[in-house]
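Report on the structure
The primary structure of each chain is shown beneath.
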Amino acid sequence: MNIHEYQAKQLLGQYGVVVPTGEVCETPEDARKIAEGLFARGEKVVIVKAQIHAGGRGKGIFKDGFKGGVKLCASVEEVFRNAKAMLGNVLVTKQSGLEGRKVSKVYICNASDIKKELYCAVLLDRVTSQPVFVVSTEGGIDIEEVAAKHPEKIFKLSINPAVGLMPHHGRRLASALGLTGELIAVGAKMFMGLYKTWWECDASMVEINPLCIIDLHGKKSLLAADAKISLDDNALYRHPDIQNMRDLAEEAPLEIEASKHGLNYIKLDGNIACMVNGAGLAMATMDIIKHFGGEPANFLDVGGGASRGQVAAAFNIILSDPNVKGILVNIFGGIMQCDIIAQGIVDAAKETNLNLPLVVRLEGNNSKLGKKILTESGLSITSGDSMSDAADKIVRAVRK
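All values reported here derive from a predicted model rather than from experimental measurement.

Moving on, we come to the environment of V302. For V302, the location among the structural elements is in the loop between β16 (298–301) and α10 (308–319). Residue V302 is classed as buried on the basis of its relative accessible area, which comes to 3%. Along the primary structure V302 and L254 are separated by 48 residues, whereas in three dimensions their C-alpha atoms are 14 Å apart. Residue contacts for V302: discarding those within four places in its chain leaves L263, M275, V276, N277, A314 and M336.

Have a look at this one:
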């Protein structure tokens, strides 16, 4: 689950990370009130930031031609005008896709005197199964761009989860970022707050970009000028407060519907729908569709123990995508029983009056019984003898 920037900063602030002073609002009038308070306390510049689940907001362009989802403002009226231009408008960035995202909230905060921009993130290293810090002196730009052009400027440090972040880790990270003097201790505190946020919130990624060196009350400090946090969906039951941060308006309607039924669904741009049990098999299924010249319309993992009801829900979700021209069901029965899946497929096909090409490959637990159910259903269902055979058949059927 992703959350907005202002929410990420709320979590980071709880763990001692210094974040800008600001508030989120949904109307230009409220933006004006917040700006009045910030200017009244002595701020010279106030920032208006569109809140959407996509990066590149500053360089984004709204559908009506207004440029930039991040604006520096020197007056209350300037804040009001920019907030009014953003709210209710659709912002298109390099991460949002061409359809863009509608801006329903803006974050109004102070602008600090930035001396240097850095990069810092904590994420899970899936190779070592350990949290890893990724830091760079090249902040304010995409880490992918830094990795491509200046890989030597990226420093990684794995943390043993049984021990946690230790003082010597903080010193190594500070050194990698070129922090000196009083900033070493400031950095160590910030790294600890960042790690605790990642660990205690069950995050999959906590990213600060840029992490800024600023002047704060005459001393150098570090500020999380922008922040992004992705959370592990499987652990949300432990964090009802974080779960309440979910913004359904930022998620695809079909993905929301899938989550209600315990299905893992991601819409893609192709025309061959996939229904598979297991994330690895789902990835392999999409790859083999591509191999035979087709384009997958989705990633859909029904899990290891799907019920007939979940299969029916999966079919309804698949058929809600107007781009779908054919369906490939690829099931390997381990825990799951193929006969239950087969009956679910038959029920769903009858209920939805399915008239699209449907290829089913069943292997494993009760696969013979499952194939028998499909054969005797009276429906036009093509059986795949293997994964490659099934993929070849659905690609050919869609092309007809």
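Now that the structure is up, let's keep going.
Turning next to the pairing of strand β7 (residues 106–110). Each regular strand carries side chains that alternate between the two faces of the sheet. Most of β7 sits out of view: five of its five residues are buried. Side-chain alternation along β7 places V106, I108 and N110 on one buried face and Y107 and C109 on a second face that is also buried. As paired strands, strand β1 (residues 22–25) and β7 are joined by four bridges and run antiparallel to one another. Residue pairing for β7: C25 is matched across the bridge by V106.

Our next topic: helix α8 (residues 253–260). Residues of α8 that are buried include every one of L254, I256 and A258, and no others. Looking at the buried side of α8, the elements it contacts are β14 (264–267) and α10. Among the residues trailing α8, G262 stands out with phi positive, at a value near 70°.

The next thing to look at is the environment of E295. Here E295 lies in the loop between α9 (279–291) and β16. By relative accessible area, E295 is classed as partly exposed at 40%. For E295, the contacting residues outside a window of four places in its chain are G270, N271, I272, I289 and K290.

The sheet built from four strands is open, its strands ordered β1-β7-β2-β4 with antiparallel pairing. Pairing within the sheet leaves two strands with one partner each, and these edge strands are β1 and β4 (70–73). Taking the axes of each pair of neighbouring strands and ignoring which way they run, one obtains an average angle of 20° across the sheet.

The subject of this paragraph is helix α1 (residues 5–14). Buried residues dominate α1, accounting for seven of its ten residues. Every buried residue belonging to α1 is among E5, Y6, Q7, A8, K9, L11 and L12, and all of these are buried. Positive phi appears at G16, one or two residues downstream of α1, with a value of about 90°.

Quick look at the packing of helix α11 (residues 338–351) against helix α12 (residues 367–375) now. Two elements in contact, α11 and α12, have axes whose closest approach is 7 Å; the angle formed by their N-to-C orientations is 15°. Accordingly, the angle class assigned to the pair α11 and α12 is roughly parallel. By crossing handedness, the relation of α11 to α12 is classed as right-handed. Contact with α11, carried on its side by C338, D339, A342, Q343, I345 and V346, involves S367, L369, G370, I373 and L374 of α12 and no other residues of that element. Considered class by class, the residues forming the contact of α11 with α12 number seven nonpolar, three polar and one charged.

Within this model, the second largest pocket holds a volume of roughly 280 Å³. Ranked by residues supplied to the lining of the second largest pocket, first place goes to strand β11 (residues 203–216) with three residues. Here the lining of the second largest pocket is built from residues that sort into eight nonpolar, five polar and five charged.

Two descriptors summarise a pair of aromatic rings, namely the distance from one centre to the other and the angle between the planes of the rings. All told, the structure shown has six aromatic pairs when counted by the stated rule. Ring centres of F133 and Y195 lie 6.4 Å apart, and the angle between their planes is 20°; this geometry places the pair in the stacked category. One end of the pair, F133, is in strand β9 (residues 130–136); the other, Y195, is in helix α6 (residues 182–200), and 62 residues separate them in sequence. Taken as a pair, F133 and Y195 share a single burial class, namely buried. Between K71 and the ring centre of F66, over which it is positioned, the NZ or CZ distance is 5.1 Å.

Summed over the entire model, instances satisfying the criterion amount to 20 salt bridges. Its salt-bridge partner being R238, residue D202 comes within 3.0 Å of it at the nearest N-O pair. Note that D202 is positioned in the loop between α6 and β11 and R238 in the loop between β13 (227–231) and α7 (240–243), a separation of 36 residues in sequence. What makes R238 partly exposed here is its relative accessible area of 47%. With its nearest N and O atoms 3.8 Å apart, the salt bridge here joins D321 to K267. Placement of D321 in the loop between α10 and β17 (326–333) and of K267 in strand β14 is noted, with a sequence separation of 54 residues between them. With a relative accessible area of 3%, D321 lands in the buried category. Here the salt bridges share partners, and the residues they tie into one network are E5, K9, K49, R57 and D226.

Procedures and definitions
Residues numbered from 1 in each chain as written. Predicted model: local features only at pLDDT ≥ 70, side-chain atom pairs only at ≥ 80, totals over all residues. Heavy atoms only, no water. Helix = DSSP H or I, 4+ residues; strand = E, 2+ residues; numbered from the N terminus. Buried < 20%, exposed > 50% of the residue type's maximum accessible area, 1.4 Å probe, protein only. Contact = heavy atoms within 4.5 Å. Pairing = 2+ DSSP bridges. Axes fitted to C-alpha atoms, helices over the stretch in contact; angles between N-to-C directions. Parallel < 35°, antiparallel > 145°, perpendicular 65-115°, else oblique. Left-handed = near helix turned anticlockwise from the far one by under 90°. Nonpolar A, V, L, I, M, F, W, Y, C, P; charged D, E, K, R; others polar. 1 Å grid on protein atoms, 1.4 Å probe; cavity = no way out; pocket = protein on both sides within 12 Å on 5 of 7 lines; lining within 4 Å. Points joined across faces, edges and corners; volume = space filled by probe spheres on them. Phe/Tyr/Trp six-rings, centres within 6.5 Å; stacked < 30°, edge-to-face > 60°. Lys NZ or Arg CZ within 6 Å of the ring centre and 35° of its normal. Salt bridge = Lys/Arg side-chain N within 4 Å of Asp/Glu carboxyl O.

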